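Okay, here's what each chain looks like letter by letter:
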Amino acid sequence: MREPEQDDEVLGKAYDARLMRRLLGCLKPYKAQVALAIAGQLRVRLTPRDQARLAISGRPVDPAAYDLYLRAMTLRGRVNQSDTEAAISALEKAVSLDSGFADAFAALASARWSLYSSYLPEEAGRLEPQVRAAVDKALSLDSESPVALAVQGDLLWDTAHGWRHEDTIQAHRKALALNPNLDQSRRRLATIYNHVGL
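What counts as what
Residues numbered from 1 in each chain as written. Predicted model: local features only at pLDDT ≥ 70, side-chain atom pairs only at ≥ 80, totals over all residues. Heavy atoms only, no water. Helix = DSSP H or I, 4+ residues; strand = E, 2+ residues; numbered from the N terminus. Buried < 20%, exposed > 50% of the residue type's maximum accessible area, 1.4 Å probe, protein only. Contact = heavy atoms within 4.5 Å. Phe/Tyr/Trp six-rings, centres within 6.5 Å; stacked < 30°, edge-to-face > 60°. pLDDT = per-residue confidence, 0-100. Expected span 1.5 Å × (residues − 1). Arc of directions from axis to C-beta. Salt bridge = Lys/Arg side-chain N within 4 Å of Asp/Glu carboxyl O. Core = buried A, V, L, I, M, F, W, Y, C linked by side-chain atoms within 4.5 Å.

Glancing now at the overall build of the protein chain. Scanning the protein chain from terminus to terminus reveals ten helices and two strands. The N-to-C order of helical and strand elements in the protein chain reads β-β-α-α-α-α-α-α-α-α-α-α. Burial analysis of the protein chain (198 residues in total) assigns 38% to the buried set. The contacts of the protein chain with a sequence gap of at least 6 include a subset with a gap of at least 24, amounting to 54%.

We describe a pair of aromatic rings using the distance from one ring centre to the other and the angle between the two ring planes. Applying the stated criterion across every chain yields a total of four aromatic pairs. Judged by centre distance (4.9 Å) and plane angle (85 degrees), the ring pair of Trp157 and Trp163 falls under edge-to-face. The class of Trp157 is buried, set by a relative accessible area of 9%. Trp163 sits in the partly exposed class, given a relative accessible area of 33%. Through a chain of ring-to-ring contacts, three or more aromatic side chains come together here, namely Tyr66, Tyr69 and Phe101.

A few words on the confidence of the model for the protein chain. Per-chain confidence: the protein chain averages 83 in pLDDT, with 75% of residues scoring 70 or above. Put simply, strand 1 (residues 8-10) is where the protein chain has its lowest mean pLDDT, 49, and helix 5 (residues 81-97) is where it has its highest, 98.

Quick look at the environment of Ala190 now. Counting through the fold element by element, Ala190 comes out in helix 10 (residues 183-196). Judged by relative accessible area, Ala190 falls into the partly exposed class, the value being 46%. Taking the C-alpha atoms as reference points, Ala190 and Ile169, separated by 21 residues in sequence, lie 9.9 Å from one another.

Think of an α-helix as 3.6 residues a turn; residues three or four steps apart then line up on the same face. Between the first and last C-alpha of helix 10 there are 20 Å, a value that for 14 residues agrees with the 20 Å anticipated at 1.5 Å per step. Inspection of helix 10 places Gln184, Ser185, Arg188, Leu189 and Ile192 among the buried residues, and these make up the whole buried set. Burial along helix 10 is one-sided: seen end-on, the buried residues are contained in an arc of 120 degrees. Among the exposed residues of helix 10, those pointing more than 90 degrees away from its buried face are Arg187 and Asn194.

Counted according to the given criterion, the structure contains eight salt bridges. Linking Arg78 and Asp83 is a salt bridge whose minimum nitrogen-to-oxygen distance equals 3.9 Å. Accessibility expressed as a relative area gives 48% for Arg78, which makes it partly exposed. Judged by relative accessible area, which is 15%, Asp83 ranks as buried.

Looking now at helix 7 (residues 124-141). In this model, helix 7 (18 residues) spans 25 Å end to end at C-alpha, consistent with the 26 Å of a helix rising 1.5 Å per residue. Those residues of helix 7 that sit buried are Leu127, Glu128, Val131, Ala134, Val135, Ala138 and Leu139. Taken down its axis, helix 7 places every buried residue within 130 degrees of arc, on the same side. Of the exposed residues in helix 7, those oriented more than 90 degrees away from the buried face are Gly125 and Ser140.

This brings us to the nonpolar core. Formed by 44 residues in total, the largest nonpolar core has its most connected members in Tyr69, Leu91, Phe101, Ala104 and Val131. Elements with a minimum of two residues in this core: helix 4 (63-76), helix 5, helix 6 (102-119), helix 7, helix 8 (146-154), helix 9 (165-178) and helix 10. Ranked by the residues each element gives to this core, the list is headed by helix 6, at ten residues. Excluding residues that lie within four positions of it along the chain, Val131 makes contacts with Ala109, Arg112, Trp113, Tyr116, Val151 and Leu155.

This is the structure we're talking about:
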C-alpha cells in the first residue's frame, strides 16, 4: 500500500486523499489480508512463497500492540540509550498484548541487542539471553523474519563469539534477500567487509 497523493483514482473511482490516508492508517495491521483480498479479486497468481509470507504477516494484530510497536519504531529512530530503553518497554508491552506478533518480537530483539552492544556492554551476560529469547520467538512465529535473522547474525559477531564473520555475513545476506531495504544488514555487512579487508 502507498500513501495517496492529492485526490487519487483507485480501481477507476476517485477518492479524497485525506480520507484514503485515514483509511489506510486503520488498515495497516491488516495490510497482508487486504493484499490477499485484492489479489484474489484481480485473479493475480501469487507464488507459494508470496502466499506463505502474506499468511504469516497477514494474521490480525492486536491494535493496541500495533500502536505500541509503531511508537517503539519511532523511539528506535532516535538512537540513544533512554529512547532505546523506552522502545524496549513499549515492545515488551506489545508482545504481552499479542504473543503472536513476530515483528514486535524481532524489533524487541533488535532493541535489546542495541542496548547492550551500544550502551551497556558490561551487561551482555544479562541481556544477551533476553535477545536470544526474542530472536527465537520471532523466528518460531516467522522463520523468514529479516530483522530477527539480522539480529541472530549480529549476536555472532563479537569478542565473546569469536567474530564469526562468515556466519554473520550469511545471516545478513539472508535477511537482505528477504528485505533488500534492511539498512541494519547493509550497515553490518559494510562494517564486516571493512573489518576483514574486502
